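The primary structure of each chain is shown beneath.
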Amino acid sequence: MKVLRVRREGKTFYGQLLFEERAVRCLDPAMGLPETLPLAEVSVLPPVAPSKMVCAQGNFRDRLRELGREAGDAPMLFLKPPSAIIGSGEAIRLPRAASQVEAWGGLALVLGRTCRNIAPEDVPRCLFGYACANDVTAGDFLAADGPMGRAKGFDTFAPIGPWIETSVADPIGLRLRTLVNGVAVQDASTADMVLSPFALVSFVSGIMTLLPGDVVLTGSPSGGGLLAAGDEVRVEIEEVGVLINAARGEAELGPLQ
């Protein structure tokens, strides 16, 4: 099932996407809305509004080889702020201060229940579903700062979508591709992860409580793509979806609303 987060007349809710009908089915009868609503009558929002997005760095073996590192017991973790999140079709803002903005595709897991110290085999019952994500990074700040907060945390640096897919049979072995202007800059499989998606969520839950709606981004393979204004980025993950965003300069877009 493909689930959108939408707003209608001031009410925000999750709805099942009905492709053929070009409609959504409200998943919360308590909202008092019609069961089915045309897409034209709702505003599609980013599919998540988490308290936090927890991201893994160095969770793909080919990326570790690219960095000249060995696979350790656990990947490095960093956080992206909720203000960085945008949905499919929204613009990635290229900061004036950064000269090397990069796209890094990854598989995102969205929590559906609170979990803490959960075993890997119990993770599926705590999940809402899966989404494509783009760990947009200001590479020049990453090299300069060491800590990743500035390089990873700019507004719009966490595209995610295009929906939450609830029906992925097995997140291990999914093909993941990132394309910039139609050219593949990453092409890998989630089977190359050091920690599998469920093992990673288990690891994170041993450090911090994960709340409903929180996102765990499972890392990105080798490659990555440098972005310039006007570029289109696509993150394609088998069985999950295709996330599409364009890069735009701050001067072109004007101030954030």
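Overview of the structure. Here, residues in each chain are numbered from 1, in the same order as that chain's written sequence. Only residues with pLDDT of at least 70 get local features here, since the model is predicted, and only at 80 or more are side-chain atom pairs given and counted; chain-wide, interface and lining totals rely on the full set of residues. The side-chain figures draw on all heavy atoms in the structure; neither hydrogens nor water molecules are used.

## Re the nonpolar core
To form a nonpolar core, buried Ala, Val, Leu, Ile, Met, Phe, Trp, Tyr and Cys residues must be joined to one another through side-chain atoms within 4.5 Å. Accessibility here uses a 1.4 Å probe with only protein chains present; expressed as a share of the type maximum, an area under 20% marks a residue as buried, one over 50% as exposed, and anything in between as partly exposed. Counting residues in hydrophobic clusters, the biggest one holds 26 residues, and the most contacted among them are Leu-111, Tyr-130, Leu-210, Ile-237 and Val-240. Looking at this core, the elements that each hand over two or more residues are strand 6 (53-57), strand 11 (105-111), strand 12 (127-134), helix 4 (197-205) and strand 19 (232-237). Segments assigned H or I by DSSP are reported as helices when at least four residues long, segments assigned E as strands when at least two residues long, and all are numbered from the N terminus. Sort the elements by how many residues they give to this core and helix 4 lands first, with 4 residues. Between two residues, a contact is recorded if the distance between any of their heavy atoms is within 4.5 Å. Each residue touching Leu-111, except ones within four places of it in the same chain, is listed here: Cys-126, Leu-127, Phe-128, Leu-210, Leu-211, Pro-212, Gly-213, Asp-214 and Val-216. Within the second largest apolar cluster, 17 residues are counted, among which are Val-3, Phe-78, Ile-85 and Ala-158.

## As for unusual backbone geometry
Residue Pro-162 is bonded to the preceding Gly-161 through a cis peptide linkage, with omega at 0 degrees. Position of Pro-162 among the secondary structure elements: in strand 14 (residues 158-165). Here the phi dihedral of Thr-156 falls at roughly 75 degrees; this positive angle occurs in a residue that is not glycine. Structurally, Thr-156 is set in the loop between helix 3 (149-152) and strand 14. With phi around 70 degrees, Glu-239 is a residue other than glycine that occupies positive phi space. You can see Glu-239 is positioned in the loop between strand 19 and strand 20 (241-249).

## As for the pairing of strand 19
Where strand 15 (residues 175-180) lies against strand 19, 5 bridges are found, and the strand directions are antiparallel. Across the sheet, the residue bridging to Leu-179 is Arg-234, located in strand 19. Pairing between strand 19 and strand 20: 6 bridges, direction antiparallel. Its bridge partner being in strand 20, Ile-237 is matched across the sheet by Gly-241. One bridge is not enough; two strands pair if DSSP finds at least two bridges between them. The turn linking strand 19 back onto strand 20 is made up of 3 residues, and Glu-239 within it adopts a positive phi angle of 70 degrees.

## Here we look at the pattern of salt bridges
The term salt bridge refers to a side-chain nitrogen of Lys or Arg lying within 4 Å of a carboxyl oxygen of Asp or Glu. All told, the structure shown has 11 salt bridges when counted by the stated rule. With its nearest N and O atoms 3.2 Å apart, the salt bridge here joins Arg-234 to Glu-236. Overall, the relative accessible area of 24% leaves Arg-234 in the partly exposed class.

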